[in-house]
Amino acid sequence: MAMLHLVNKSPYDACNLDSASSMMKGDDALLLIEDAVYAAVKNGKAAAGLAGLKVTVLGPDLAARGIGEDKLIDGVTVVDYAGFVDMVEANDKVQSWL
Amino acid sequence: MSDTKKFMYVNRKAPYGTIYAWEALEVVLIGAAFEQDVSLAFMDDGVYQLMKGQDTAGIGMKNFSPTYSALGDYEITKIYVEKESLEERGLTLDDLQHLVWEDEDEDWAEKDSIRLVSRAELADVFADQDVMFNF
Amino acid sequence: MKLTIQVNEGPYQHQSSDSAYFFTKAALEKGHEIFRVFFYHDGVNNGTRLTTPPQDDRNIVNRWSELAKAHDLDLVVCVAAAQRRGIVDEGEAERNGKDATNIADGFRISGLGQLVEGAIQSDRLVVFGD
């Protein structure tokens, strides 16, 4: 069973992303929303923690924060809210790392 | 029985600084009546919720920590505490309440409810659940 | 897919209610069923009809009320959390001796069992919070 890990806090503010990434296994997916999208900015310290993980970010939250997709680490997928819904459907359950 | 889901209540926040710990427990207590396959997990700052000797008189809040010892009576017998979270915080199992449940199939023998697990083991437990509750 | 959404934070203070709203709206647009939206912790504050946000900003409470009306959604505010934070309907006002009500259109106050029921009956529970 695959889990969708949802993280919404900046990695520079809280350790939620660390907790999430350390608990991911197998086919689990990671979706960064709200302030967590900052984690996917390349050359940031948090980006290293995402290596090897299947990372998706919510596009509207990137745009709101002035982060162009060209500023993201390689291999990150960007989705909109419809894509967010698809991810919830594609995984068996959701773990919100609040 | 096929309708029973595996519920995991995830507790990651310390008590008293915010209300999440207490209001999460309220869900667990109400939820017990729905006879699902319930587990609780305490990790990150959630491990602080189970500390012994809480005395809230000076901060004027209700000390709700005795409620954890009643969980056994609600047939909640699977309480996972994550080892790394304890160690990072300089705590051991000894700092936590001793939570038990009574097994009616074994003449009401008292058994430990707390299962000390590593992060990796807890990830395996999570993988087996149907619904994750977070607060 | 049948979904239960949980909203743990109040309007404006956190993005949670906004994120939950857009997620819920997208799910409806894709033809999924929203079994229930359950407001817990400070999330109950999404259910007051007394907010007056600035004209040039979104009206979070009305937005939920309108979505609920358009799609016959079940927006439930947890009674215990509501009592603590002062979200009151007619029944609660009478029961607790309050001289006013403030519940917004489309919201109803009910017990935590509604969240648990939602988790049992739905295919997915999605929690938005801090």
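Analysis parameters
Residues numbered from 1 in each chain as written. Chains lettered and ligands numbered in written order. Predicted model: local features only at pLDDT ≥ 70, side-chain atom pairs only at ≥ 80, totals over all residues. Helix = DSSP H or I, 4+ residues; strand = E, 2+ residues; numbered from the N terminus. Rg over C-alpha atoms; globule rule 2.2 N^0.38 Å. Buried ≥ 20, exposed ≤ 12 C-beta atoms within 10 Å, placed from the backbone. Contact = placed C-beta atoms within 7 Å. Nonpolar A, V, L, I, M, F, W, Y, C, P; charged D, E, K, R; others polar. Expected span 1.5 Å × (residues − 1). Arc of directions from axis to C-beta. Pairing = 2+ DSSP bridges. Axes fitted to C-alpha atoms, helices over the stretch in contact; angles between N-to-C directions. pLDDT = per-residue confidence, 0-100. Parallel < 35°, antiparallel > 145°, perpendicular 65-115°, else oblique. Left-handed = near helix turned anticlockwise from the far one by under 90°.

Glancing now at the overall build of chain A. Along its length, chain A carries four helices and five strands. Counting from the amino terminus, chain A carries its helices and strands in the arrangement β-α-β-α-β-α-β-α-β. For chain A, whose C-alpha radius of gyration is 12 Å, the value lies close to the compact-globule estimate of 13 Å for 98 residues. Overall, the C-alpha framework of chain A stretches about 35 × 25 × 25 Å when taken along its three principal axes. Of all 98 residues assigned to chain A, the portion counted as buried reaches 45%. Restricting to contacts in chain A with at least 6 residues of sequence separation, those with at least 24 account for 65%.

If you look at the interface, chain C gives 16 residues, while chain A gives twelve residues. Contributing elements (two or more residues each) for the side of chain C that touches chain A: helix 1 (16–29) and strand 5 (124–128) of chain C. It is helix 1 of chain C that provides the largest number of residues to the side of chain C that touches chain A, a total of five residues. Residues of the side of chain C that touches chain A, tallied by class, amount to eight nonpolar, five polar and three charged.

Listed per partner, the contact involves eleven residues of chain A and eleven residues of chain B. Among the secondary structure elements, those contributing two or more residues to the side of chain A that touches chain B are helix 1 (16–23) and strand 5 (93–97) of chain A. The element best represented in the side of chain A that touches chain B is strand 5 of chain A, accounting for four residues. The class makeup of the residues in the side of chain A that touches chain B is five nonpolar, four polar and two charged.

For helix 1 (residues 20–31) of chain B, with twelve residues, the first-to-last C-alpha span of 16 Å sits near the 16 Å given by 1.5 Å per residue. Within helix 1 of chain B, burial applies to B:Tyr20, B:Ala21, B:Ala24, B:Leu25, B:Val27, B:Val28 and B:Gly31. For helix 1 of chain B, the buried positions fall inside an angular range of 155° around the axis, keeping them on one side. In the core, the buried residues of helix 1 of chain B are packed alongside strand 1 (6–11), strand 2 (37–42) and strand 7 (131–134) of chain B together with helix 5 (113–121) of chain C.

Let us look at the sheet that holds strand 5 of chain C. Residues and elements named next belong to chain C. On the basis of which strands lie adjacent, the open sheet formed by five strands has the order 4-3-2-1-5 and parallel pairing. Looking at strand neighbours, the two that pair on one side only are strand 4 (107–110) and strand 5, the edges of this open sheet. Ignoring which end each strand starts from, the neighbouring axes of this sheet average 25° apart. In this structure, strand 3 (residues 75–78) lies alongside strand 4, joined through four bridges in parallel fashion. Its bridge partner being in strand 4, Val77 is matched across the sheet by Ile109.

A few words now on the confidence of the model for chain B. Chain-level pLDDT for chain B is 97 on average; 99% of the residues reach the 70-or-more range. Under the prediction, the complex receives an ipTM of 0.97, its pTM being 0.98.

Packing of helix 4 (residues 81–90) of chain A against helix 1 of chain C leaves a shortest axis separation of 8 Å and a crossing angle of 75°. Judged on the interaxial angle alone, helix 1 of chain C and helix 4 of chain A are roughly perpendicular. Along its contact with helix 4 of chain A, which presents A:Tyr81, A:Ala82, A:Phe84 and A:Val85, the element helix 1 of chain C presents C:Phe22, C:Phe23, C:Ala26 and C:Ala27. Looking at side-chain class alone, the contact of helix 4 of chain A with helix 1 of chain C contains eight nonpolar, no polar and no charged residues.

Residues and elements named next belong to chain C. Packing of helix 1 against helix 2 (residues 60–71) leaves a shortest axis separation of 11 Å and a crossing angle of 20°. Considered as vectors, helix 1 and helix 2 are oriented roughly parallel to each other. Read as a crossing pair, helix 1 and helix 2 show a hand that is left-handed. For the pair helix 1 and helix 2, the contacting residues are Ser17, Asp18, Tyr21, Thr24, Lys25 and Leu28 in the first and Ile60, Arg63, Trp64, Leu67 and His71 in the second. For the contact of helix 1 with helix 2, the per-class residue count stands at five nonpolar, three polar and three charged.

All names here are of chain C. Mapped onto the secondary structure, Glu117 falls in helix 5. Of the residues examined, Glu117 has 19 C-beta atoms within 10 Å and is grouped as partly exposed. C-alpha separation for the pair Glu117 and His41, spaced 76 residues apart in sequence, amounts to 18 Å.

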